[in-house]
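A closer look at the structure
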Amino acid sequence: MNDLTTLLPTGIQIGYLVAASLFILGLKKLGSPATARNGNFLSATGMLLAVVVTLLDQNILNYQWVLIGIAIGSAIGVIIAKTVAMTAMPQMVGFLNGLGGAASALVAMGEFWRLVHSEGAVPLNATITVILGIFIGGATLSGSLIAVGKLQGVITGKPVTFPLQQPVNIAIAGAFFVSSGFLIANTGDQAAFFTMIGLATVFGVLFVLPIGGGDMPVVISLLNSLSGIAASAAGFVVMNNMLIIAGALVGASGLILTEIMCKGMNRSLISVLFGAFGGGGEAT
Amino acid sequence: METTLIASLFVFVLAAFVGFEVINKVPPTLHTPLMSGANAISGITVIGAVLIAGASNNSTVTTVMGFIAVVLATVNVVGGFLVTDRMLQMFKK
């Protein structure tokens, strides 16, 4: 059985293994000034390898859409990376992070849609991972955009609070939870599906609004960690280990970095996130 | 199906531990580049997007969602690595 149908999948998995190793090495080297640039290069090489071997997947038949998408995305990526001002870097990272979250949510949504329309029913574990993907991805997108707006000065940098804000947040999270249960009970229910997308987006907005503009780098770092988890969730949806590994790496390392950044400001993460509600920590 | 799910959970948890261990004592000047580099890696979701957009037995909605996801994730990846490199170039002097 040494034909292409068995060799190719093995080759793809080995490519993923090498790419995962390059990501780990790259992240490690990014932590020290002498090796950081080399680390970034290693990670980028890993990404290129992961994308190229994925294109060998035999389930991919619509190459024109995939290649056009990659071409458009690369062009936009190059242009904005070359033109953005050095002073606007935190916003830029936040913006890119939001796009990644949106992409993860779209992957979860697209796979859900495919399962509903081609198989009629969605298996329980697929539904659960789709729910996670939508919530984390959607909240990452809207939260990142609010953070960018605050850094850019489009939205006031002051904490935005209104009466009953915490109960409203909890109500939204609760409503999402109830819709999730409904979606699990009635797989493929489109009303519940769209309601959840809306709720996740609103949650991201309300979560970031009460945080002061000076704390936005910490928020972006936390959202970066979340977008890693979103990528992992998307990986569970399409059952792809490469996504799961890289997502988990970013999720965990992003969380550690967030904590390091908080310590650098002599704050705790809790006081950054909930400081506007009088939960300790001086105002920014 | 169940065994692959469990195997993937193992992979997830072990990779998370690697992620925790790989970051230590980062100097403050590297916080933003590290965040940016990690953000570019989270653009790995481009692979999921490619698989969704390229699958053959799709409804049009799935293909469109996959296509948009490919574009957004590629911007995240390409922009992310280039921006990180631009920041790190400043350290050379």
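Residues numbered from 1 in each chain as written. Chains lettered and ligands numbered in written order. Predicted model: local features only at pLDDT ≥ 70, side-chain atom pairs only at ≥ 80, totals over all residues. Heavy atoms only, no water.

Attention now moves to the overall build of chain B. What chain B contains, in helices and strands, is four helices and zero strands. Along the three orthogonal principal directions, the C-alpha set of chain B runs to about 55 × 30 × 15 Å. Per-residue burial over chain B gives 60% buried out of 93 residues. By sequence separation, contacts in chain B at least 24 residues apart represent 70% of the contacts at least 6 residues apart. Of the accessible surface of chain B, which amounts to about 3800 Å², a share of 72% is contributed by carbon and sulfur atoms. (Helix = DSSP H or I, 4+ residues; strand = E, 2+ residues; numbered from the N terminus. Buried < 20%, exposed > 50% of the residue type's maximum accessible area, 1.4 Å probe, protein only. Contact = heavy atoms within 4.5 Å. Areas by Shrake-Rupley, 256 points an atom, 1.4 Å probe, with all protein chains shown as cover.)

Another point: the packing of aromatic side chains. What characterises a pair of aromatic rings is the spacing of the ring centres plus the angle enclosed by the ring planes. All names here are of chain A. In this structure the tally under the stated criterion is ten aromatic pairs over all chains. Between F112 and F193, the ring centres sit 4.5 Å apart and the planes meet at 15°, which makes this aromatic pair stacked. Here the residue F112 occupies a position in helix 4 (residues 89-119), and F193 occupies one in helix 7 (residues 190-208), the gap between them amounting to 81 residues. Assessed through its relative accessible area of 1%, F112 is described here as buried. Given the relative accessible area of 0%, F193 is considered buried. Ring centres 6.1 Å apart and planes at 55° place the aromatic pair W113 and F194 in the tilted group. Taken together, the positions of W113 in helix 4 and F194 in helix 7 put the pair 81 residues apart, joining distant regions of the chain. Under the relative-accessibility criterion, W113 is labelled buried at 11%. (Phe/Tyr/Trp six-rings, centres within 6.5 Å; stacked < 30°, edge-to-face > 60°.)

Axis separation between helix 2 (residues 36-54) of chain A and helix 4 (residues 60-89) of chain B bottoms out at 9 Å; the angle between their running directions is 165°. In terms of their interaxial angle, helix 2 of chain A and helix 4 of chain B are classed as roughly antiparallel. Along this stretch, helix 2 of chain A crosses helix 4 of chain B, giving a crossing that reads as left-handed. Contact residues: helix 2 of chain A offers A:A36, A:R37, A:N40, A:S43, A:A44 and A:M47, while helix 4 of chain B offers B:V77, B:F81, B:T84, B:D85, B:L88 and B:Q89. Of the residues that constitute the contact of helix 2 of chain A with helix 4 of chain B, the class distribution is six nonpolar, four polar and two charged. (Axes fitted to C-alpha atoms, helices over the stretch in contact; angles between N-to-C directions. Parallel < 35°, antiparallel > 145°, perpendicular 65-115°, else oblique. Left-handed = near helix turned anticlockwise from the far one by under 90°. Nonpolar A, V, L, I, M, F, W, Y, C, P; charged D, E, K, R; others polar.)

Our focus in this paragraph is the interface of chain B and chain A. Facing 74 residues of chain B, the contacting portion of chain A comprises 91 residues. By the criterion of area lost to chain A, the three top residues of chain B are B:M35, B:I41 and B:R86, representing 10% of everything that side buries. Where chain B touches chain A, the interface holds one salt bridge. With a shortest N-O distance of 2.9 Å, B:D85 and A:R37 are connected by a salt bridge. (Buried area = accessible area lost by both parts, 1.4 Å probe. Salt bridge = Lys/Arg side-chain N within 4 Å of Asp/Glu carboxyl O.)

The next subject is the side chain of A:S43. Counting through the fold element by element, A:S43 comes out in helix 2. In contact with A:S43, other than residues within four places in its own chain, are A:L22, A:F23, A:G26, A:L27, B:I41 and B:F81.

In this structure, A:F23, A:F193, A:M242, B:I44, B:V46, B:I47 and B:V50 are the most contacted members of the largest nonpolar core, which totals 107 residues. Looking at which element gives the most residues to this core, the answer is helix 4 of chain A, with 15 residues. Leave out the neighbours within four places in its chain, and A:M242 touches A:Y16, A:A19, A:A20, A:F23, A:A50, B:I44 and B:I47. (Core = buried A, V, L, I, M, F, W, Y, C linked by side-chain atoms within 4.5 Å.)

With that settled, the discussion passes to the pattern of salt bridges. Residue and element names in this part refer to chain A. Tallying each qualifying case throughout the model produces four salt bridges over all chains. Residue R114 is joined to E111 by a salt bridge in which the shortest nitrogen-to-oxygen separation is 3.0 Å. Here R114 pairs with E111, and both are found in helix 4, just three residues apart, close to one helical turn. Residue R114 is classed as buried on the basis of its relative accessible area, which comes to 15%. Ionic pairing is found between R267 and D215, a salt bridge with its closest N-O pair at 3.4 Å.

Below, the discussion takes up the UniProt feature "transmembrane region" (unreviewed entry) in chain B. All names here are of chain B. Sequence positions flagged by UniProt for "transmembrane region" (unreviewed entry) are, in local numbering, residues 6-24, 36-55 and 61-83. Between the C-alpha atoms that bound residues 6-24 there is a distance of 30 Å. The span itself is 89% helix and 0% strand. As a span, residues 36-55 carries 85% helix and 0% strand, and end to end its C-alpha atoms are 31 Å apart. (UniProt positions renumbered as here; feature names shortened; annotations may be inferred.)

All names here are of chain A. Topologically, L183 is positioned in helix 6 (residues 165-185). We classify L183 as buried; its relative accessible area is 0%. Between the alpha carbons of L183 and D215 there is a distance of 36 Å; along the sequence they are 32 residues apart. Beyond its immediate chain neighbours, meaning those up to four positions away, L183 contacts F112, T127, I131, G188, D189, A192, F193 and M196.

A separate point is unusual backbone geometry. Residue and element names in this part refer to chain A. Phi at M239 takes a positive value of approximately 55°, unusual for a residue other than glycine. Position of M239 relative to the elements: it lies in the loop between helix 8 (216-238) and helix 9 (241-264). In this structure, N266 is a non-glycine residue whose phi angle is positive, near 55°.

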